[in-house]
Amino acid sequence: MSLRTAALAVAASALVLAGCAAGPAASTGPGASAPAASAATASDTFTYAIAGDPTSLNPINTGDRWGLTVTNIVYSPLARVEADGTVVNELAESIEPAADGLSVTVKLKEGITWSDGEPLTADDVVFTYTNKAVKENGNADLLWIGDKPIKAVKVDDLTVRFELPSFSAAALSNIATETYIIPEHVYGDVTDFSGAELDPIAVGTGPYRLTEYKRGEYLAFEANESFYGGAPAIKHLTLRIVSNADTVKAALQTGEVDASFVTPAQIADLANSPIDIHAYPEGRVAYLGTVAASPELSDVRVRQAVFYALNRDDLNKAAYLSQDYFADAYSILPPSNPFATTEVESYPQDVDKSKQLLGEAGVSGLTLTLGYAGSDPAQTLQATLIQQQLAAAGITVELAGVEPAAVYAEIEKGADSAYDLFIGGYIMGIEPDAYSLLFRTGASSNYFSYSNPATDALFDQGIAARDEAERKTIYADLQRQIADDAVFYPIADNLKILAVNQRIGGVDAARTAPIYTLENFGLLTEK
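Nothing here was measured: the structure is a model prediction, and the numbers come from that model.

Leu78, Phe162, Tyr426 and Phe439 are the most contacted members of the largest nonpolar core, which has 66 residues in total. When near neighbours in sequence (up to four residues on either side) are disregarded, Phe439 contacts Ile332, Tyr426, Asn446, Phe448, Tyr450, Thr455, Asp456, Phe459, Ile482 and Phe488.

Taking strand neighbours across the sheet as the criterion, the seven strands line up as β10-β11-β12-β1-β13-β21-β14 in an open arrangement whose pairing is mixed. Two strands lie at the open edges of the sheet, namely β10 (208-214) and β14 (275-280), each paired on one side alone. Averaged over all neighbouring strand pairs, the angle between strand axes comes to 20°, with direction disregarded. Taken together, the three bridges between strand β13 (residues 259-261) and strand β21 (residues 496-501) define a ladder with antiparallel strand orientation. Bridging across to β21, Ser260 finds its partner in Ala499. Sheet contacts for helix α1 (residues 65-74): β1 (45-50), β10, β11 (218-223), β12 (236-241), β13 and β21; angle to β11, the most-contacted strand, approximately 15°.

Turning to the packing of helix α8 (residues 312-320) against helix α10 (residues 377-391), a few remarks are in order. Put simply, α8 and α10 touch, their axes get as near as 8 Å, and they point 150° apart. In this view, α8 runs roughly antiparallel relative to α10, as classed from their interaxial angle. α10 is crossed by α8, and the crossing has right-handed handedness. Contact residues: α8 offers Asp314, Leu315, Asn316, Ala318, Ala319 and Tyr320, while α10 offers Ala378, Leu381, Gln382, Leu385, Ile386 and Gln389. Of the residues that constitute the contact of α8 with α10, the class distribution is eight nonpolar, three polar and one charged.

Another point: the pattern of salt bridges. Applying the stated criterion across every chain, the model contains 19 salt bridges. The residue Glu222 makes a salt bridge to Arg209 at a minimum N-O spacing of 3.0 Å. With Glu222 in strand β11 and Arg209 in strand β10, this residue pair connects regions lying 13 residues apart in the sequence. Owing to a relative accessible area of 28%, Arg209 belongs among the partly exposed residues under this scheme. Linking Asp269 and Lys249 is a salt bridge whose minimum nitrogen-to-oxygen distance equals 3.0 Å.

This next bit is on the pairing of strand β4 (residues 92-97). Relative to strand β5 (residues 103-108), β4 is paired through five bridges, and the arrangement is antiparallel. Its bridge partner being in β5, Ile95 is matched across the sheet by Val106. Taking the residues between adjacent antiparallel strands as the criterion, β4 and β5 are bridged by five residues, where Gly101 takes a positive phi near 75°.

With that out of the way, let us pick up helix α11 (residues 404-411). Where α11 is concerned, the buried positions are Val407, Tyr408, Glu410 and Ile411. Taken around the axis of α11, the buried residues stretch over an arc of 160°, which confines them to a single face. Where α11 is buried, its residues meet β15 (284-290), β17 (367-373), β18 (396-402) and β19 (421-427).

Our next topic: α10. In this model α10 runs 22 Å from its N-terminal to its C-terminal C-alpha over 15 residues, within 8% of the 21 Å that 1.5 Å per residue would give. Residues of α10 that are buried: Ala378, Gln379, Gln382, Ala383, Leu385, Ile386, Gln389 and Leu390. Between the side-chain oxygen at the start of α10 and the backbone nitrogen of Ala378 there is a gap of 2.9 Å, and the oxygen is on Asp376.

It is worth spelling out the sheet that holds strand β8 (residues 151-156) at this point. Sheet strands line up and pair through hydrogen bonds in the backbone, either parallel or antiparallel. The strand order across the open sheet built from four strands is β4-β5-β9-β8, with neighbouring strands paired in antiparallel fashion. The open sheet has two edge strands with one neighbour each: β4 and β8. Geometrically, the sheet is characterised by an average inter-axis angle of 20° between neighbouring strands, direction not taken into account. Against the sheet, helix α2 (residues 122-132) makes contact with β5, β8 and β9 (159-163), and its axis sits at roughly 170° relative to β8, the strand it touches most.

What counts and how
- Residues numbered from 1 in each chain as written.
- Predicted model: local features only at pLDDT ≥ 70, side-chain atom pairs only at ≥ 80, totals over all residues.
- Heavy atoms only, no water.
- Core = buried A, V, L, I, M, F, W, Y, C linked by side-chain atoms within 4.5 Å.
- Buried < 20%, exposed > 50% of the residue type's maximum accessible area, 1.4 Å probe, protein only.
- Contact = heavy atoms within 4.5 Å.
- Pairing = 2+ DSSP bridges.
- Helix = DSSP H or I, 4+ residues; strand = E, 2+ residues; numbered from the N terminus.
- Axes fitted to C-alpha atoms, helices over the stretch in contact; angles between N-to-C directions.
- Parallel < 35°, antiparallel > 145°, perpendicular 65-115°, else oblique.
- Left-handed = near helix turned anticlockwise from the far one by under 90°.
- Nonpolar A, V, L, I, M, F, W, Y, C, P; charged D, E, K, R; others polar.
- Salt bridge = Lys/Arg side-chain N within 4 Å of Asp/Glu carboxyl O.
- Arc of directions from axis to C-beta.
- Expected span 1.5 Å × (residues − 1).
- Polar contact = N/O pair within 3.5 Å; in protein donor to acceptor, adjacent residues only side chain to side chain.

Just geometry here; none of it tells us what the structure is for.
Listed below in structure tokens is the structure:
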């Protein structure tokens, strides 16, 4: 998942994609039109409704759900880290850590070609990792240990050695996590990978090739017949951008789209339609975040007062209806994570204590602005409840429901942000060091403006420790520290619910997956 970045962590800037072949037409707004240039019929097309445009289509720096979904369709990683922490090889034939823990050697599978027919080689791997490790490109954090990068070195045409500047218990996971290989022969002359697009259009090793992107409407793909996993049975794939949940439900009911995520509340409405429901865990943490640099929230007592005014159970039941679809979250790690602990300050609702803390901080008449994804039904319900719950403690909350990318673009401004609070969610996987992307001082996805040298030191200790039990102790301390600092209020680890038309088969073979929806869209079939 990593995967994760989602860093989900989700990314923060709006995408302006310039070139698809000769260049797709720009969208005039959110739409639901089918690919105008496609001659495909419903019998050879899988149409999947997604909630918004990718923030980035550049595999070097993408971190949002839909950008990573597209990346996973077009490109391939060396390996995947499964939900249980198992490493499964993709482009790699073997991955061997050295006994001293200071290098990892990867042997590539023979005979893999790019979608343009050129062979995959070690040069492509070295090229990808070298550029991803450039901090200015925006997604380098996990490829650095301390103040030095992990280096990728070509051994021969099919072998790469990753050299670590020092031992890191997280090295194998961080090398395998969310790095999708791009071709040097196509992008070798590019000197800046910080942008949201690659030119020319994607050449990859994944099951499909991107052929057209009309912003706000759709992304169209054709099968990569040379895919190393076997040519896809369904020759065309369309990701159709539909932000309104009710419109998605109607499109599923009429068969206008084959699949989409739905909410627990929508499941009953689909009961009489030829739809199968696949609910699965992502190891996701849904949360209320604070912008700690906000003048209104710079005092930890004020942040704690906000948290004590909240009722986690009510927030979860409003959004997810039943515990069949969520588990309460209490720390930065999802409850299913083996490093997670519940021995943290969980901030059980206590309005009197909230008022007491505000009094101690000398704060009265506090007004906060809450940013959230206005098109997300769960976030909209939770935002309204948060407003009501904080009102009981004398805190006024102004709601700002906007596009998801706009939320993150705004909170990145730190002290200058228009938002003091925001609703978000992320999927970072099992390796606890991956969460440093969010909570280490100055990290690329530290949307909380959070900085504590004690937290940074615990992250350093965690990757330096070789004993698993010692690491668990360190990361338990880390979770307690962040909870005490009250920059992050975990709400739930909620299931993702995928609705799929019964004319489509192969979902189990394609495997539901955190962030990407499916590990391999190419294994879907038509019944």
